[in-house]
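Each chain, letter by letter, is given below.
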Amino acid sequence: GAGVSQTPSNKVTEKGKYVELRCDPISGHTALYWYRQSLGQGPEFLIYFQGTGAADDSGLPNDRFFAVRPEGSVSTLKIQRTERGDSAVYLCASSLRFGEKLFFGSGTQLSVL
Amino acid sequence: AQRVTQPEKLLSVFKGAPVELKCNYSYSGSPELFWYVQYSRQRLQLLLRHISRESIKGFTADLNKGETSFHLKKPFAQEEDSAMYYCALTVSGNTPLVFGKGTRLSVIA
């Protein structure tokens, strides 16, 4: 079966532009998580969804970051007015239920020039 | 706030030597601790969790609440163990995982 799929695998954009990163979780997984990983750091929590609702968005760094999961499956992380400091690998993970084993995607490498 | 500290960025050992990857955490309640691993060109994946008390690929980790540690150990390192290892913590499964910065293990033949 397919694992967690993230697209695109690489995204290069210019400072100030808007980007969308997509995550397709494992079918049937109710919990979906977004993490950000900067060079030399561990994954840093951004937001997680239980079904369609954002259960905890305390990790979003500011209001330029927003995420949705309208049908309880695919999720999109949206970043407005990108800044060079947003450059990182954005990881998505899903689990059958919250608190259970996380399955990670391969990540999207975002580069803001 | 919960915090996970992995003091070593890089650990190099010879094949067949014992390995210990250190992890300390700060939280006074009942944490659940995990080790995740990322092999070259692969995804981050769960290696083991303390509540299952199992040995995976020869690795074990014991939660020491007195020392607030969850060190990962293996008696005899193999070349295929070379990877990035991340220690992670959740509070009784009610909070998202908090990860440490990771330790790169390099096993030298």
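About the thresholds
Residues numbered from 1 in each chain as written. Chains lettered and ligands numbered in written order. Predicted model: local features only at pLDDT ≥ 70, side-chain atom pairs only at ≥ 80, totals over all residues. Heavy atoms only, no water. Helix = DSSP H or I, 4+ residues; strand = E, 2+ residues; numbered from the N terminus. Rg over C-alpha atoms; globule rule 2.2 N^0.38 Å. Buried < 20%, exposed > 50% of the residue type's maximum accessible area, 1.4 Å probe, protein only. Contact = heavy atoms within 4.5 Å. Areas by Shrake-Rupley, 256 points an atom, 1.4 Å probe, with all protein chains shown as cover. Disulfide = S-S within 2.5 Å. Pairing = 2+ DSSP bridges. Buried area = accessible area lost by both parts, 1.4 Å probe. Salt bridge = Lys/Arg side-chain N within 4 Å of Asp/Glu carboxyl O. Polar contact = N/O pair within 3.5 Å; in protein donor to acceptor, adjacent residues only side chain to side chain. Nonpolar A, V, L, I, M, F, W, Y, C, P; charged D, E, K, R; others polar.

### Re the overall build of chain A
Line of reasoning, step 1. Across its full length, chain A carries zero helices and eleven strands.
Line of reasoning, step 2. Reading the secondary structure of chain A in the N-to-C direction produces β-β-β-β-β-β-β-β-β-β-β.
Line of reasoning, step 3. The C-alpha radius of gyration computed for chain A amounts to 13 Å, which stays within 12% of the reference 13 Å derived for 113 residues, consistent with globular compactness.
Line of reasoning, step 4. Relative to its full complement of 113 residues, chain A shows a buried share of 43%.
Line of reasoning, step 5. For chain A, the proportion of contacts with a sequence separation of at least 24, taken over those separated by at least 6, is 54%.
Line of reasoning, step 6. Summing over all exposed atoms, chain A offers an accessible surface of approximately 5,400 Å²; the carbon and sulfur share of this is 48%.

### Quick notes on the state of the cysteines
Residue and element names in this part refer to chain B.
Line of reasoning, step 1. All told, the structure shown has two disulfides over all chains when counted by the stated rule.
Line of reasoning, step 2. Note on cysteine connectivity: C23 is disulfide-linked to C87, with sulfurs 2.0 Å apart. Torsion about the S-S bond of the C23 and C87 cystine: about -65°, corresponding to left-handed handedness. Taken together, the positions of C23 in the loop between β3 (19-21) and β4 (24-26) and C87 in strand β9 (residues 83-91) put the pair 64 residues apart, joining distant regions of the chain. Assigned by exposure class, C23 and C87 land together as buried.

### Here's the deal with the pairing of strand β6 (residues 45-49) of chain B
Residue and element names in this part refer to chain B.
Line of reasoning, step 1. In terms of burial, β6 is largely enclosed, as four of its five residues are buried.
Line of reasoning, step 2. Direction of pairing for strand β5 (residues 31-38) relative to β6: antiparallel, over a ladder of four bridges. Its bridge partner lying in β6, Y36 is registered against L46.
Line of reasoning, step 3. Counting the residues that bridge the hairpin from β5 to β6 gives six residues, and of these R41 lies at a positive phi of roughly 65°.

### Things to note about the interface of chain A and chain B
Line of reasoning, step 1. With 18 residues of chain A in contact, the opposing surface of chain B contributes 14 residues.
Line of reasoning, step 2. Together chain A and chain B conceal approximately 1,400 Å² of surface at their shared face, both sides included; 56% is due to carbon and sulfur atoms.
Line of reasoning, step 3. Its largest share of buried area at the contact with chain B, chain A owes to P43, F98 and F104 of chain A, together 32% of the area lost on that side.
Line of reasoning, step 4. At the junction of chain A and chain B, the tally comes to zero salt bridges.
Line of reasoning, step 5. Put simply, chain A and chain B have six residue pairs in polar contact (both at pLDDT 80 or more) between them.
Line of reasoning, step 6. Looking at the side of chain A that touches chain B, the elements with two or more residues in it are β4 (31-37) and β5 (44-50) of chain A.
Line of reasoning, step 7. Each residue belonging to the side of chain A that touches chain B can be placed in one class, and the counts come to eight nonpolar, eight polar and two charged.

### What to know about unusual backbone geometry
Glycine aside, the phi torsion of most residues is negative, and most peptide linkages are trans.
Line of reasoning, step 1. Omega for the bond connecting T7 of chain A with P8 of chain A falls within 30 degrees of zero, at -10°, which places this linkage in the cis form.
Line of reasoning, step 2. Here P8 of chain A is to be found in the loop between β1 (5-7) and β2 (10-13).
Line of reasoning, step 3. In this structure, K57 of chain B takes a positive phi of about 55° despite not being glycine.
Line of reasoning, step 4. Along the chain, K57 of chain B turns up in the loop between β6 and β7 (60-61).

### Things to note about the pattern of salt bridges
Line of reasoning, step 1. Evaluation of the coordinates by the stated rule reveals nine salt bridges over all chains.
Line of reasoning, step 2. In this structure, E44 of chain A and R36 of chain A form a salt bridge, with 3.8 Å as the shortest nitrogen-oxygen distance.

### A closer look at the sheet that holds β3 of chain B
Residue and element names in this part refer to chain B.
Line of reasoning, step 1. One open sheet accounts for three strands, arranged β3-β8-β7; its pairing is antiparallel. With one partner strand each, in any of the chains shown, β3 and β7 form the two edges of the open sheet.
Line of reasoning, step 2. In the sheet, β3 pairs with strand β8 (residues 72-74) via three bridges, with the strands oriented antiparallel. Paired with E20 across the two strands is K73, which belongs to β8.

By themselves, these figures tell us nothing about what the structure is for.
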